[in-house]
Amino acid sequence: MTEPNPDLNIRTAGRAGRITLTRPKALNALSWQMCLDIEAALDAWAGDDSIAVVVIDAEGDRAFCAGGDVAEIHRRGTAGDFEYGCGFWRDEYRLNAKLAEYPKPIVALMQGFVMGGGVGLGCHVSHRIVGETTQMAMPEVGIGLIPDVGGSLLLANAPGLMGRYLALTAGRMGPGDAIHAGFADLFIPESTWPGVIAALEDSGDVSDLQDAAQVPPTGPLAAEQPWMDATLGGELASILAQVSASDGPLAEGTAKAIRRNSPLAMDTTLALLERQRGHSVREALALEYRATYRSLREGDFLEGVRAQLIDKDRNPQWRDSIDSLSPGAGAALLAPLEAELAI
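**Focus: the side chain of Ser246**
Relative to the elements of secondary structure, Ser246 occurs in the loop between helix H12 (236-244) and helix H13 (251-260). In this structure, Ser246 is in contact with Trp227, Thr231 and Ala251, ignoring residues within four places of it in sequence.

**Topic: helix H14 (residues 263-276)**
Between its first and last C-alpha atoms H14 spans 20 Å; for 14 residues at 1.5 Å apiece the expected length is 20 Å, and the two agree. Across the 14 residues that make up H14, a large majority, twelve, are buried. Buried residues along H14 sit in contact with helix H5 (151-156), helix H6 (162-169), H12, H13, helix H15 (281-298) and helix H17 (329-332). In the segment just after H14, Gly278 is the residue with positive phi, at about 90°.

**Quick look at H15**
For an α-helix the count is 3.6 residues per turn, leaving residues at separations of three or four pointing the same way. For H15, which comprises 18 residues, the first-to-last C-alpha distance of 25 Å matches the rise-based estimate of 26 Å (1.5 Å per residue) to within 8%. In this fold, the buried residues of H15 make contact with helix H2 (71-78), helix H3 (83-101), H5, H14, helix H16 (301-310) and H17.

**Examining the pairing of strand S5 (residues 106-110)**
Counting buried positions along S5 gives five out of five residues, so the element sits mostly inside the fold. Looking at chain direction, strand S3 (residues 53-58) and S5 are connected through three bridges and run parallel. In the strand pairing of S5, Ile56 is matched with Ala108. Taken together, the four bridges between S5 and strand S7 (residues 127-130) define a ladder with parallel strand orientation. In the sheet register, Met110 faces S7, and the bridge partner there is Val130.

What counts and how
- Residues numbered from 1 in each chain as written.
- Predicted model: local features only at pLDDT ≥ 70, side-chain atom pairs only at ≥ 80, totals over all residues.
- Heavy atoms only, no water.
- Helix = DSSP H or I, 4+ residues; strand = E, 2+ residues; numbered from the N terminus.
- Contact = heavy atoms within 4.5 Å.
- Expected span 1.5 Å × (residues − 1).
- Buried < 20%, exposed > 50% of the residue type's maximum accessible area, 1.4 Å probe, protein only.
- Pairing = 2+ DSSP bridges.

Bear in mind that shape data such as this cannot, by itself, settle questions of function.
Structure (structure tokens):
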């Protein structure tokens with residue numbers, strides 16, 4: 001008999017399948033085994049007529065899920081084992097696709113930090129709930145990676161050039177901006193979540209969610225949409241020049257972030273976002289996998305994780321500067337692989 005995963009509480013309650021992330025001290029970071037166990041639960045419930053809805057939530061006030069647990073990918077990658085990271089991403093992306101295509105409603109209640117892998121877990125499902133504390137972001141370019149887990153598709157479909165802003169800066173969205181950008185559906189005050197979950201367990205009827213929803217707080221990013229659309233077009237060097245010469249409350253922070261993050265990852269991300277429009281989730285994940293696969297071998301991922309999460313010196317030595325980056329360097333990471341992702 002398989003031992004239960006201490007990082008998850010998977011059970012059924014009334015008409016609901018329940019998945020609760022239970023590692024709040026680690027900000028509910030998503031491990032490889034957690035991905036596999038969540039997928040197994042979804043597979044078991046898909047054909048179970050007693051289960052009408054799946055509810056995904058997390059313990060702790062600080063985070064729904066602050067991202068994937070990349071420390072082991074880094075450890076193995078620095079030792080030359082790239083297959084571990086690619087295997088983790090392959091299985092995580094398969095879970096992301098399954099969540100997006102699930103035949104029953106899935107409700108994700110996302111408090112606190114929702115970043116990277118947390119976006120992949122909660123932002124492709126049918127009913128995406130945010131609350132007062134929600135802080136959502138795709139911060140991958142800061143560790144030399146592209147926005148993955150299907151996040152690049154969400155960014156590509158965000159209004160105007162907001163997706164570029166969020167991708168290049170790792171900008172955080174509160175509940176209002178998360179809904180505006182297309183990462184969430186409803187704002188429901190977090191104090192009412194236990195009652196909302198109890199009602200779902202009792203009835204299995206997701207139509208009650210709309211009755212519990214309230215008007216979300218106004219997000220500051222939505223008001224800056226005209227500035228984003230005016231300054232974030234073109235290639236990376238051009239964007240930095242335009243932002244540096246502009247006014248507005250986001251200008252200084254945006255320029256600082258672009259100078260700080262991996263030039264290769266940002267260049268790849270810009271190429272990725274242009275290509276994702278019109279894609280399905282599966283197509284988007286397959287394209288992302290080309291970049292993540294290469295990021296271990298040819299990119300800045302290992303150095304970015306070292307600087308930000310392992311040594312924490314916050315001084316990554318990127319392979320390129322914005323000025324020295326070869327034209328088309330980012331697009332090259334999106335070229336077809338000999339073994340494409342099959343999920």
